[in-house]
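Summary of structural features
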Amino acid sequence: MDLLRALIMCGIVGYVGHRPASDLLLDGLSRLEYRGYDSAGIAVVEDREIAVRKRRGRVAGLIELIESHPVEGSIGIGHTRWATHGDPSDVNSHPHLDESGRVVLVHNGVIENHDRLKARLSETGCGFRSSTDTEVVAQLIGWHLEQLIESGHAADDPETCWSALRATLDELEGTYGLGVLFRDCPGHLWAARCGSPLVIGVGDQEYFLASDTSPLIGYTRDVVYLDDHDTARLGRDGLEVRHRDAGTRDVAVQTIQDEAVDVELGEFPHYMLKEIYEQPDSIRSAMRGRMDGDDATAVFGGLNADAGELRRIDRIVLTACGTSWHAGLVGEYLIEEFARIPTEVEYASELRYRNAPLTDTTMVFAITQSGETADTLAAVRECRRKGHKTLAICNTVGSTIAREADGGIYLHAGPEIGVASTKAFTSQVTVLALLALYLGRMRHMSFRAGEAFLESLEAMPELVARTLECHDTVREVARRFADCGNFLYLGRQYNFPVALEGALKLKEISYIHAEGYPAAEMKHGPIALVDERTPSVFVTPRGGVYEKVVSNLEEIKARGGPVIAIAGPDDERIAGLVDEVIPVPDVPEFLQPLVTSIPLQLLAYEVALLRGCDVDRPRNLAKSVTVE
Ligand code: F6R
């Protein structure tokens, strides 16, 4: 069978200690399932025997398999997979063994030279079972191990395992986070990182390995983040980390903050709904400690840029993907209006390959919920390589982008588990508003204007809580339109990015085709799509462009298209024109995205439910996009 190229964004867990490994691994995989849910598997080593259990589908299926075929042992690895190429079959599921059965591993990443390596190994008689690139890594470690044993090295000596692993990593091109077990050296678990995140949890005579901190919650708060080109040995006797170039290195144990703790669903049926309802609190957290009433400005602890440097900036580049990119668009409007600094918003996937002319006075901000998005990380690295100060606006403490950026601002939104981003968006907008205020106040924005800005911002958590009261109305609207095959989302100025975000939410969780546009662009082409089965969602609260948007809305009505309006409270004029109105509180224009995005999140949620879609795990998607 041809070796198909597997693009994998997956979740990895591992455990070494004194408790039954399978329970901990399954618990960890359940918490990492948002990273991928095509298949799940674990391997446990005990008495020099490796037991593997894996199957296509969700972690729940793996749990059933293990109930009927339990595995014993207190050292193990586990994996949950997201694949775009390669069949999500039982055989392609991780963990993968080498041919001799001495090595077993789990992998997150892409091995780009797997074809060449496979051809070479096949010539030595090695037989492959799966069509993944990952099996090549297992076979290659097995091959190097064999060579070492033949030349007199002991199979049960950890140094032999280090050597087999190192020799393999030196041959790999691409990205990997690996968890590896050696049958004949059973007291240890190895990990290796290049491009795919890995964190080690430090317990009492036990260690945990994971792709992010969520599986560690409840077990330990002490963590060690691995860097690229680190390999680690986790044993009951301790932890050792070696860097490819620097040898054994000191491990810095950090403590995870409280905010990482709340990963339970509680009374909510889905994480997405829970996270939508958390927004009054997450917006409050994004502002906490950052409002300086005395100077009518914002304060940030971790920017790592002094006032002189910030005053010299004459251009800002905001780079991100997906929903974070939409927040960046709101940021552009905010920064240009209040700080008067020319701002551009670049898709990270484009910026990373462009030779963008950035000058010494350009500042780059990467916006990312996860802090692990491969394209955003690559853009950060490219900008830093060229000597530009690059800051992060990030939610996940300790993530790769948070650690590699020159400084930044955390969102403090708490973990976002639902694959469709909701609370991260409003927290990003909140932080960008504070940034606009901060940069504005060190230029020409008056004290009075700064005070008014802060007052408006301070009122937002309460207003967002009131906005959530539209949920019942949204549910009715969803019932009326859930079987339509196309939607248009339209808004202007601050509500143009909101229209884009509303369309993305509907697409990703209900699989309905939706397009977002600046409302006035309709007549330049998209209006041809309008018919009685294509609802247009107009984001049209009161403000400077209200009249203009109403005209655009009438153009749609005149052509027989149904219109759903997100409008200010008691807006009789809109109510008389459209088919459905979802009311939101009046707020200053520059903060409207914080309220107008809420009904659009709820609409996508309700429509997806009515269509029977898996809201928290939409098809083909994964939460952290750690491949290009
Ligand atoms: C959409 C969504 C994605 C992410 C994008 C960037 O709901 O979640 O579009 O916004 O993959 O992810 P982060 O912000 O983690 O870099």
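That block above? That's the structure.
Report on the accompanying structure. (Residues numbered from 1 in each chain as written. Predicted model: local features only at pLDDT ≥ 70, side-chain atom pairs only at ≥ 80, totals over all residues. Heavy atoms only, no water.)

1. Details of the overall build of the chain
Test applied: In DSSP terms, a helix is any run of H or I states spanning at least four residues, a strand is any run of E spanning at least two, and both are numbered starting from the N terminus. Within these notes, the globule rule equals 2.2 Å times the number of residues to the 0.38 power, and the radius of gyration is based on C-alpha atoms. Only protein chains enter the accessibility calculation, which uses a 1.4 Å probe; a residue whose area is less than 20% of its type maximum is buried, one above 50% is exposed, and one in between is partly exposed. Contacts between residues were defined by any pair of non-hydrogen atoms, one from each residue, lying within 4.5 Å.
On a plain count of helices and strands, the chain comes out with 20 helices and 27 strands. Its C-alpha atoms give the chain a radius of gyration of 26 Å, within 12% of the compact-globule value 25 Å for 628 residues. Within the span of the chain, comprising 628 residues, buried residues form 61% of the whole. Long-range pairs, those at least 24 residues apart, make up 73% of the contacts in the chain between residues at least 6 apart in sequence.

2. Section: the sheet that holds strand S22 (residues 407-410)
Where we set the bar: Here the rule is simple: two strands pair whenever DSSP picks up at least two bridges between them. Only the contacting stretch of a helix is used when fitting its axis, a line to C-alpha atoms as for every element, and angles between N-to-C directions run 0 to 180 degrees.
Strand order in the open sheet formed by five strands is S19-S18-S20-S21-S22, with parallel pairing between adjacent strands. What marks the edges here is a single partner per strand, and that holds for strand S19 (343-347) and S22. If you compare each strand with its neighbour and ignore which way they point, the axes differ by 20° on average. Pairing geometry for strand S20 (residues 362-368) and strand S21 (residues 390-394), over five bridges, is parallel.

3. Things to note about the side chain of Thr 430
Summarising the element assignment, Thr 430 is placed in helix H13 (residues 423-441). Relative accessible area serves as the criterion here: at 1%, Thr 430 is assigned to the buried category. Those residues within four positions of Thr 430 in sequence are excluded, and the remaining contacts are Ile 283, Ala 286, Met 287 and Leu 594.

4. Some thoughts on the site of the ligand
Operational definition: Note on definitions. A residue lies near a molecule or strand when any single heavy atom of the residue is within 4 Å of it. Polar contacts here mean pairs of N or O atoms no more than 3.5 Å apart (in protein, one a potential hydrogen donor and the other a potential acceptor; neighbouring residues in sequence count only if both atoms are side-chain atoms). Residue burial considers only the protein chains on display, and all accessible areas are found by Shrake-Rupley using a 1.4 Å probe. Gly is put with the polar residues, along with every residue not named as nonpolar or charged; the nonpolar set is Ala, Val, Leu, Ile, Met, Phe, Trp, Tyr, Cys and Pro, and the charged set is Asp, Glu, Lys and Arg.
The ligand sits among 15 residues. The nearest are Ser 324, Thr 368, Ser 370, Thr 373 and Glu 508. Measuring from an oxygen atom of the ligand, one finds a backbone N or O atom of Gln 369 at 2.7 Å. Lys 505 is positioned with one of its side-chain polar atoms (N or O) 3.0 Å from an oxygen atom of the ligand. Relative to its unbound accessible surface of 410 Å², the ligand loses 90% to contact with the protein. For the shell around the ligand, the elements supplying multiple residues, two or more each, are helix H9 (322-338) and helix H17 (495-510). Split by residue class, the shell around the ligand holds five nonpolar, eight polar and two charged.

5. Considering the environment of Thr 132
The topology assignment puts Thr 132 in the loop between helix H3 (114-123) and helix H4 (134-150). Each C-alpha atom, one on Thr 132 and one on Asn 92, is 6.2 Å from the other, the two residues being 40 residues apart in sequence. Here the side chain of Thr 132 touches Thr 134 through a polar contact of 3.5 Å, landing on its backbone nitrogen. A polar contact of 3.2 Å, which involves the side chain of Thr 132, links it to the backbone nitrogen of Glu 135.

6. Some words on the state of the cysteines
Applied cut-off: Criterion for a disulfide: a pair of cysteine sulfur atoms within 2.5 Å.
Scanning all chains against the criterion turns up zero disulfides. Not engaged in a disulfide, the cysteine Cys 194 finds its nearest cysteine sulfur in Cys 10; these two sulfurs lie 16 Å apart. Taking relative accessible area as the criterion, Cys 194 reaches 14% and is therefore assigned buried. Here Cys 383 is not disulfide-linked; the sulfur of Cys 321 is the nearest cysteine sulfur, at 13 Å. The exposure class of Cys 383 is buried, given its relative accessible area of 4%.

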